[in-house]
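# Architecture and fold: a report
Chain by chain, the residues:
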Amino acid sequence: MSKAFNISRQNGFTTIAITCFVLLYLPIVLLVVYSFNSGPSVAIWEGFSWRWYQSAWENDQVQEATVRSLVIALWASAISTTCAVLAALATTRTRKFKGQGAVFAMINQPLMVPEIVTAVALLIFFAMIKVSTGYTGLAYLIVAHSAFCIPFAYLPIRARLQGMDLSLEQAAADLYATPFKVFRRVTLPQLWPGILAGAMLAFVISLDDVVITEFVKSAGQDTLPTYMLGQLRRVVTPEVNAISTVLFGISVTFVIAFTVLGKIKN
Amino acid sequence: MADLSSAAETQASRRRWLLLAPALFILVFAAAGPLLITLVYSFLTPGDYGGVEWQASWQAWFNVFMERDIFDDTLGWSDAHLSIFWRSVKLSLMTTVLCLFFGFPTAYFIATRPKKQRDLWMLLIIIPFWTNLLIRTFAVVELIRAEGTVNTLLIWLGIIDSPIHMLFTEFSILLGMVYVYLPLMVLPLYASMERLDFSLVEAGYDLYATRLKVLRRVILPLVKPGVIAGSILVFVPSLGAYVTPRVMGGGNQLMIGNLIELQFGQGRNWPLGAALSITLLAIVMVALMAYVRAAGNQEPHRV
């Protein structure tokens, strides 16, 4: 026998897989490359320049949208992570309780209901509140983002809690620590990689949201993604590529940090 | 003693609901509650300038699939809506099949790498998954638009004289959806393939099965839960897709999501938009329940 028989081989699978990886990254790579194009085309290369980054940086609308995106994402991740930590403490490491199924259905609801349906529902509901209170500020977007970020923050925190040993907390309680002290001194130090991972996930999810923001925002409340969506109707310049590249960079950084956090052992 | 333990039980339960309160409040306020209001709106009369009149009506539900002819007042199927529903279902099914075609070998490829390499390959799948959907859609647009990379390259090579019209067609929506939802197929497939017991594959070969036979009779039945999970994970968001058909379809090739948006914009028919949303939600729920049932039936057969 000239060649060992490889039992895991399937004809053509490797070819398709490699094609798949190439096709998955080719558009992104081109998007990044042409953000550095000195010409206005996204297909004809005219040399390297930072021109489009500079023009995006100096664009007032982009600046405003960036700040707004960050403010919303920070609030939404703080609120959703706090809620998720409390919810995870209530639903993990306990016996099955009455209403458990309903609670899980509620928490996971934003993952199951199509985004466009949630977006429309929020448009209707918030329009009612806007009419009756006259308030049109950022709070609507922050609350909406907080809601759909909860399941994303909840999952890594819950996973972390499930892997934690209850006996340490019981020992602390036996030594007359108050429940709050047990949480702060015993639970929290073990839980933080999960909390950080959940908060980061919520942050990225909020930062990337298009559909719900597009329907909930009042006039002049564009975030970076909805600004880009509006720009796509016009003539596209590599300025959009430059913004995309920055957002892509943020996502990659967060994914890698998230993966590293997941590997931290108890 | 019994009193004491039941008192402790009550206290634990109160503590639990107190901890759950903030999350449940936000979810009721900004997710579940608005859905109920949407349901109510679907039974109201549209206002002249958007919004609703508080007058009960079945009209919106009637208009989801039917319409009354403006000239002779006869009842008929709403061709426009039916064709959009049909396009949505058709494109979502095609997206699912294509994602399976590309995703299955990819997941298999990753699962058969040495253990240390697998995480790195998976990271390559996860990065696009966490990248803004709009950015990824936009990246494909740049590739296929008239003055985009593909057309420029083909013209430069002298293969074509004028750009091929690819954007704003059903093909471009399909391409975009396969591209953005592919990671959703690979993730669950990989999860079930990683646990695949290759001694069973080896046993198949020992019994003189061909590679194709091993794939069909040994591997496929074992990773079936992953195939079902991946298909649902791709099919459900495809059906409710809004951004990809808007950017890739350019307003000509609507899907359900765009039809819903239309009712809240130019259409000024909020009740119809609400009824269409509830219809989409109902279809998605049926698909999810079918999945739960299929996954439940699968359990006892797993090795």
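How each quantity is defined
Residues numbered from 1 in each chain as written. Chains lettered and ligands numbered in written order. Predicted model: local features only at pLDDT ≥ 70, side-chain atom pairs only at ≥ 80, totals over all residues. Helix = DSSP H or I, 4+ residues; strand = E, 2+ residues; numbered from the N terminus. Rg over C-alpha atoms; globule rule 2.2 N^0.38 Å. Buried ≥ 20, exposed ≤ 12 C-beta atoms within 10 Å, placed from the backbone. Contact = placed C-beta atoms within 7 Å. Nonpolar A, V, L, I, M, F, W, Y, C, P; charged D, E, K, R; others polar. Domains from an automatic or database assignment. Core = buried A, V, L, I, M, F, W, Y, C linked by C-beta atoms within 7 Å. Axes fitted to C-alpha atoms, helices over the stretch in contact; angles between N-to-C directions. Parallel < 35°, antiparallel > 145°, perpendicular 65-115°, else oblique. Left-handed = near helix turned anticlockwise from the far one by under 90°.

Moving on: the overall build of chain B. Regarding its fold elements, chain B presents twelve helices and four strands. In terms of overall size, chain B is more extended than a compact globule, its C-alpha atoms giving a radius of gyration of 25 Å where 303 residues would be expected to give roughly 19 Å. Counting across all 303 residues of chain B, residues that qualify as buried make up 43%.

Counting residues at the interface gives 67 residues for chain B, matched by 65 residues for chain A. Considering every element that reaches the side of chain B that touches chain A, the biggest residue donor is helix α1 (residues 2–41) of chain B, with 19 residues. Among the residues forming the side of chain B that touches chain A, the class breakdown is 48 nonpolar, 14 polar and five charged.

All right, on to the domain arrangement of chain A then. Residues and elements named next belong to chain A. Domain boundaries in chain A define domain 1 (13–49) and domain 2 (61–263). When each unit is reduced to the centre of its C-alpha atoms, the spacing between domain 1 and domain 2 is 31 Å. Taken together, the contacts link eight residues of domain 1 with eight residues of domain 2. Classifying every residue of the side of domain 1 that touches domain 2 by side-chain character gives six nonpolar, two polar and no charged.

Note that soluble globular proteins tend to have their nonpolar side chains buried in a common cluster. A:A84, A:V120, A:L122, A:I150, A:A153 and B:A23 are the most contacted members of the largest nonpolar core, which has 156 residues in total. In terms of residue count, the dominant contributor to this core is helix α7 (residues 170–194) of chain B (15 residues). The residue makeup of this core includes at least three contributed by each of domain 1 (13–49) and domain 2 (61–263) of chain A. Filtering out sequence-adjacent residues up to four positions away, B:A23 remains in contact with A:C83, A:A84, A:L86, A:A87, A:I107 and A:I150.

Looking now at the packing of helix α6 (residues 139–162) of chain A against helix α8 (residues 179–208) of chain A. All names here are of chain A. Viewed as axis vectors pointing N to C, α6 and α8 meet at an angle of 155°, and their least axial separation amounts to 8 Å. Taken together, the axes of α6 and α8 are roughly antiparallel relative to one another. When the axes of α6 and α8 are compared, the crossing they make is right-handed. Side by side, α6 and α8 meet where H145, C149, F152, A153, Y154, P156, I157, A159, R160 and L161 of the first sit next to L191, P193, G194, I195, A197, G198, A199, L201, A202, I205 and S206 of the second.

Residue and element names in this part refer to chain A. Running from N to C, helix α4 (residues 100–112) and α6 cross one another at 110°; their axes reach a closest spacing of 8 Å. What the angle tells us is that α4 and α6 run roughly perpendicular. Of α6, the residues touching α4 (which contributes I107, N108, P110 and L111) are A147, F148, I150, P151 and Y154. When the residues that make up the contact of α4 with α6 are grouped by side-chain class, the tally is eight nonpolar, one polar and no charged.

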